[in-house]
Every structure is written in structure tokens, then in C-alpha cells.
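Report on the structure
Take a look at the letters that make up each chain.
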Amino acid sequence: AAKDAGRSGFSFYRKEMTERAALYLERDRDLRRGFEKDELRLHYQPQVDLATGAIVGVEALIRWQHPIHGLRGADDVVPVAEKSRLIVGIGDWVLREACWQARAWRDAGLPPLRMAVNVSARQMDPDRLPGVVRQILVVTGLDPASLEIEITESTLQNDERCVATLRALKELGVSLAIDDFGTGYSCMGSLKSLPIDRIKIDRSFVQDIPHDRNDEAIAEAIIAMAHRLNLIAIAEGIETEDQKAFLRAQGCEEGQGYLYARPLTADAVAALLREQQQRGDVPRGEERGEQ
Ligand code: C2E
Ligand code: MG
Ligand code: MG
Ligand code: MG
């Protein structure tokens, strides 16, 4: 009987593996088709100056307008794409699309914004990514400093290729942010030695403020550390006034989250920026003399 159980357990396991592999292949094939058919989109989540509430940047977040399943989130795209080099092709598209959008807003007379783009580990190729970014910046005529590359703390690790890529990007004048800070295997040493501009406090440390003293302590410590290292702190996932008030009191400069805005279409961002312009929160692009 034990032998029988073992055998059926094994075949169950094998069946599950086969099913999982088939599901992955199916999702991979569908994503390749969707990418080919131009079904990928970018939404943009405003990043604000916590002191004034003014929008200072946006983060580009990938979406998939699926013909059957409707609008899918990043979690239906990124983990599948990251399993193969597909993420490299999609990543190039994201960079190009985001930079063209930034350019289109500028051409429409909107105030210049920082455009933050997420980049995956597989894209961190020092012989490839800096060249791709440089070409996109030349073609779109964007100020390199207004492009920010976000890499997660776990991508950073202590990988030589990653470090070389970051240095080359920095040489182009692009800014760099460490995403989801506090969740990876942090190498504090690399914060000191790398040309990082901004630290993004992971949403998991923000969501339970003010109820969780430990999360408050962690958020406070990350902000203090960022400042001691001359980096700007930005908090992810701010949903309540309490969270905003706490983070502001700790000196956190910037934030993003549903309290301010969800990820929006490019048109919706433009409408918000226009509103902000009319209220006079931020000088007009042309008045700032931006080219
Ligand atoms: P992330 O870079 O940490 O992006 C922030 C995520 O938090 C986004 O999820 C955003 O929609 C969500 N978010 C923002 N504010 C709030 C809030 O107040 N409450 C809650 N509950 N969530 C909030 P999204 O768009 O599903 O993206 C998930 C992840 O997928 C991103 O995390 C990023 O790691 C990855 N990703 C998204 N777009 C791209 C891309 O173009 N390329 C790459 N490589 N990764 C991407
Ligand atoms: Mg991000
Ligand atoms: Mg993040
Ligand atoms: Mg996060």
C-alpha cells in the first residue's frame, strides 16, 4: 500500500509539473503575441513633493490590454517576461515609450517631470543597456537627468555587471533609484559606493503606519540613513493622511500612493498637470525656460 501511495504521489507530482510547464508556455506564448500585436501599455503614477503635494515625477508601470482578459496588471507581464530574454525586448519598449511620453507632455507645454522606469536584473547588461538608453535620449531629446532608472534592492546584490551598468547609466546623466528598499538582501556598502540618487521605501513598511511601531521605526531609519548618505527618500504606497503626516515629519521628501493618485493613463496625467498649472502650484514649462 505504501508503495502504491508513493507511486501515485510521484505521478501526481509529475502531472502537476507538466501542467505548470504547459501553463507557463501558454502564458509566455500569449505575452509574446500580445507584445507583437502592440497590446502593452504604460500607466503613470504621480510622485509628489510631500511638502507641497506638487507632482514632481511619474513612475511608468506596465499594463496589458488583453483582447480577452481586459486590462491586466504588471504581475501578469513582468514575472512571465523575466523568465526569458523577452523582458529585454519589452524593457526596451518601456524605456522608449516612457521617454516619448515625457517628450509629448513637454511638447504640450506641461511642466518638466522626472520619468521613472523600472528595469529588471536581466536588462542590467553593461554592454547593452547604456547604449539603448543613450540612443533613446538622443532621439527624444530628453534631459538625461529627468530619466530615472529604478532597480530593486535584490537586483542590486553585489553583481559586477549590475554595478558596471549603473555606473555607465550615471555617466549618461541619468538618475538612479533603489526600489523596494528594505526588502532585499541589502548591501549597505553598495549604497555608499554606487552613484544612487534616491531610495524608495517599500510599501510594506508604509502600509501599517501608524499602527505598527516597528514599521515606523524602519521607515524612520531608512529616511535618516538616506539623508546621511545625501540621498533623497521617497515612500511608496502612501494611502492615508496619517502615513503622509508621519513620513513628512521624518523629513521624507517625496511619496507616491493612492492617497495622491493611482497609476493613470497619459491623458489623465496631462489633465492633472494642467490643473496643477492652473492653480499655479508649479511654474509652466515654457516659463521655466525648458527647451
Ligand atoms: P514597483 O516598482 O514597486 O511599483 C509600485 C507598485 O505599487 C505598482 O504596482 C503600483 O501600482 C503599486 N502601488 C502604488 N501605490 C500604491 C498604493 O498606495 N497602494 C497599493 N496597494 N499599491 C500601490 P504594479 O503596477 O502592479 O507593478 C508591480 C511591480 O511590477 C512594480 O513594483 C515593478 O517591480 C514591476 N513593474 C511594473 N512595470 C514594470 C516595467 O515596465 N518593467 C519592469 N522591469 N518591472 C515593472
Ligand atoms: Mg518601481
Ligand atoms: Mg517599488
Ligand atoms: Mg514595491
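Above this text you will find the structure in question.
Our subject in this report is the structure included herewith. (Residues numbered from 1 in each chain as written. Chains lettered and ligands numbered in written order. Predicted model: local features only at pLDDT ≥ 70, side-chain atom pairs only at ≥ 80, totals over all residues. Heavy atoms only, no water.)

Moving on, we get to the packing of helix α3 (residues 86–107) against helix α4 (residues 129–140). Where α3 meets α4, the axes come as close as 10 Å, and the angle between the chain directions of the two elements is 25 degrees. Taken together, the axis directions place α3 and α4 in an arrangement best described as roughly parallel. The element α3 and its partner α4 pack so that their crossing is right-handed. Residues Asp-92, Leu-95, Arg-96, Cys-99, Trp-100 and Arg-103 of α3 pack against Leu-129, Val-132, Val-133, Ile-136, Val-139 and Thr-140 of α4. Classifying every residue of the contact of α3 with α4 gives eight nonpolar, one polar and three charged. (Axes fitted to C-alpha atoms, helices over the stretch in contact; angles between N-to-C directions. Helix = DSSP H or I, 4+ residues; strand = E, 2+ residues; numbered from the N terminus. Parallel < 35°, antiparallel > 145°, perpendicular 65-115°, else oblique. Left-handed = near helix turned anticlockwise from the far one by under 90°. Contact = heavy atoms within 4.5 Å. Nonpolar A, V, L, I, M, F, W, Y, C, P; charged D, E, K, R; others polar.)

Right, let's talk about the coordination of the magnesium ion (ligand 3) for a bit. Where a metal carries four tetrahedral donors, each ideal angle is 109.5 degrees; where it carries six octahedral donors, the ideal angles are 90 or 180 degrees. Every protein donor of the magnesium ion (ligand 3) is listed here as Asp-179 (OD), Asp-180 (OD) and Glu-236 (OE), and their distances to the metal cover 1.6 to 2.3 Å. For the magnesium ion (ligand 3), the donor residues sit on a single chain with the sequence spacing D-D-x55-E. The distance between the magnesium ion (ligand 3) and the magnesium ion (ligand 2) is 3.7 Å, with Asp-179 acting as a donor to both metals. (Donors = N, O, S within 2.8 Å, 3.2 Å for Na, K, Ca; no water.)

Covalently bonding the sulfur atom of one cysteine to the sulfur atom of another cysteine gives a disulfide. Here the structure, examined in full by the defined rule, presents zero disulfides. Here Cys-99 is not disulfide-linked; the sulfur of Cys-162 is the nearest cysteine sulfur, at 19 Å. With a relative accessible area of 1%, Cys-99 lands in the buried category. Look at Cys-162 and you get buried, because its relative accessible area is 2%. (Disulfide = S-S within 2.5 Å. Buried < 20%, exposed > 50% of the residue type's maximum accessible area, 1.4 Å probe, protein only.)

The magnesium ion (ligand 2) binds to the protein through Glu-59 (OE), Asn-118 (OD1), Glu-150 (OE) and Asp-179 (OD); the donor distances cover 2.0 to 2.2 Å. Spacing between the donor residues of the magnesium ion (ligand 2) along the chain follows E-x58-N-x31-E-x28-D. What makes Asp-179 buried here is its relative accessible area of 5%.

In this section: helix α6 (residues 160–171). Compared with an ideal rise of 1.5 Å per residue, which puts 12 residues at 16 Å, α6 spans 17 Å between its outermost C-alpha atoms and is within 8% of the ideal. Those residues of α6 that fall on the buried side of the exposure criterion are Cys-162, Val-163, Thr-165, Leu-166 and Leu-169. Buried positions in α6, seen along its axis, are confined to an arc of 160 degrees and lie on one side of it. Facing away from the buried side of α6 by more than 90 degrees, the exposed set consists of Glu-160 and Glu-171. Buried residues belonging to α6 abut α4, β5 (147–152), α5 (153–156) and β6 (175–181). Its side-chain oxygen placed 2.7 Å from the backbone nitrogen of Arg-161, Asp-159 serves as the N-cap of α6. Of the residues flanking the end of α6, it is Gly-173, one or two places downstream, whose phi is positive at about 95 degrees. (Expected span 1.5 Å × (residues − 1). Arc of directions from axis to C-beta. Polar contact = N/O pair within 3.5 Å; in protein donor to acceptor, adjacent residues only side chain to side chain.)

Turning next to the site of ligand 1. Of all residues adjacent to ligand 1, which total 23 residues, the nearest are Arg-63, Ser-120, Asp-179, Glu-239 and Tyr-258. Between ligand 1 and Glu-59, the relevant distance is 2.9 Å, taken from an oxygen atom to a side-chain nitrogen or oxygen of the residue. Glu-239 places a side-chain nitrogen or oxygen 2.5 Å from a nitrogen atom of ligand 1. Elements with a contribution of two residues or more to the shell around ligand 1: β2 (55–66) and β6. (Near = heavy atom within 4 Å.)

Time to look at the packing of α4 against α6. Direction vectors running N to C along α4 and α6 enclose 20 degrees, while the axes themselves pass 9 Å from each other. It follows from the interaxial angle that α4 and α6 lie roughly parallel. The two elements α4 and α6 meet at a crossing, and its hand is right-handed. Contacts between α4 and α6 involve Leu-129, Pro-130 and Val-133 from the first element and Thr-165, Ala-168 and Leu-169 from the second. For the contact of α4 with α6, the class distribution of residues is five nonpolar, one polar and no charged.

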